[in-house]
Amino acid sequence: MTAPLSELYQEYIDCLNSRDWDNLANYVHTEVAYNGEIVGLDAYQQAREKEARDIPDLYYKIRILVSDYNTVASRLEFDISPTGEFLGLPVNGQRVSFCENVFYEYKGGKIVQVWSVLDKAAIEAQLFLR
């Protein structure tokens, strides 16, 4: 029997947080799509690796998690210090806090679709109102 999606998702987040790139394919389909565009596992993994390099203190903290038989909805919380630009903003090591609302569609126990919205306005407010 396959584990509930909420458990699979927690394992996926643990994989990201531990930078266990060799096991990412256990959670993400080879033809994964991101915000409507098929990017494939290799590009998806490269993007996560680049984020980890650019944001050394990157940690995915689940604040809300809701799932059904093939979908996970999650609100992730971040408190990070990107080394350079982040989302086109000159963060340059400043600490910023924000949330990401993200939906995942699963097929065969793996993520096939990711829809993500980051709260860029929260980051801008922290950078430009200091």
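It should be noted that the structure appears before, not after, this text.
Note that the structure is predicted; figures quoted are calculated from it, not measured.

Colleague: Break down the overall build of the protein for me, citing the residues and quoting the values.
Modeller: The helix and strand tally for the protein stands at three helices and eight strands. Element order for the protein, N to C, with α for helix and β for strand: α-β-β-α-β-β-β-β-β-β-α. Radius of gyration (C-alpha) of the protein: 15 Å, near the 14 Å computed for a compact globule of 130 residues. Along the three orthogonal principal directions, the C-alpha set of the protein runs to about 50 × 25 × 25 Å. With 130 residues in all, the protein has 36% of them scored as buried. Looking at the protein alone, contacts between residues at least 24 apart form 51% of all its contacts between residues at least 6 apart. Only carbon and sulfur atoms are counted for the fraction: they give 50% of the accessible area of the protein, which is about 7,300 Å². If the 12 positive side-chain charges of the protein are averaged to one point and the 20 negative ones to another, these points end up 5 Å apart.

Colleague: Can you lay out the pairing of strand β3 (residues 61-67) for me, pointing to particular residues and giving the numbers?
Modeller: Inspection of the sheet shows β3 paired to strand β4 (residues 71-80) by six bridges, in the antiparallel sense. Considered in β4, the bridge of I64 is made with R75. Where β3 hands over to β4, the hairpin turn is made up of three residues, counted between the paired strands.

Colleague: Kindly report on the sheet that holds strand β8 (residues 110-118), identifying the contributing residues and their values.
Modeller: With mixed pairing, the six strands of this open sheet are ordered in space as β2-β1-β8-β7-β4-β3. Of all the strands in the sheet, just β2 (37-38) and β3 have a single pairing partner and so form its edges. Relative to β2, strand β1 (residues 28-34) is paired through two bridges, and the arrangement is antiparallel. Within the sheet, the bridge partner assigned to Y34 lies in β2 and is E37. Docked against the sheet, helix α2 (residues 40-54) engages β1, β2, β7 (96-107) and β8, running at close to 70° with respect to β1.

Conventions and cut-offs
Residues numbered from 1 in each chain as written. Predicted model: local features only at pLDDT ≥ 70, side-chain atom pairs only at ≥ 80, totals over all residues. Heavy atoms only, no water. Helix = DSSP H or I, 4+ residues; strand = E, 2+ residues; numbered from the N terminus. Rg over C-alpha atoms; globule rule 2.2 N^0.38 Å. Buried < 20%, exposed > 50% of the residue type's maximum accessible area, 1.4 Å probe, protein only. Contact = heavy atoms within 4.5 Å. Areas by Shrake-Rupley, 256 points an atom, 1.4 Å probe, with all protein chains shown as cover. Lys, Arg positive; Asp, Glu negative; His and termini not counted. Charge placed at Lys NZ, Arg CZ, Asp CG, Glu CD. Pairing = 2+ DSSP bridges. Axes fitted to C-alpha atoms, helices over the stretch in contact; angles between N-to-C directions.

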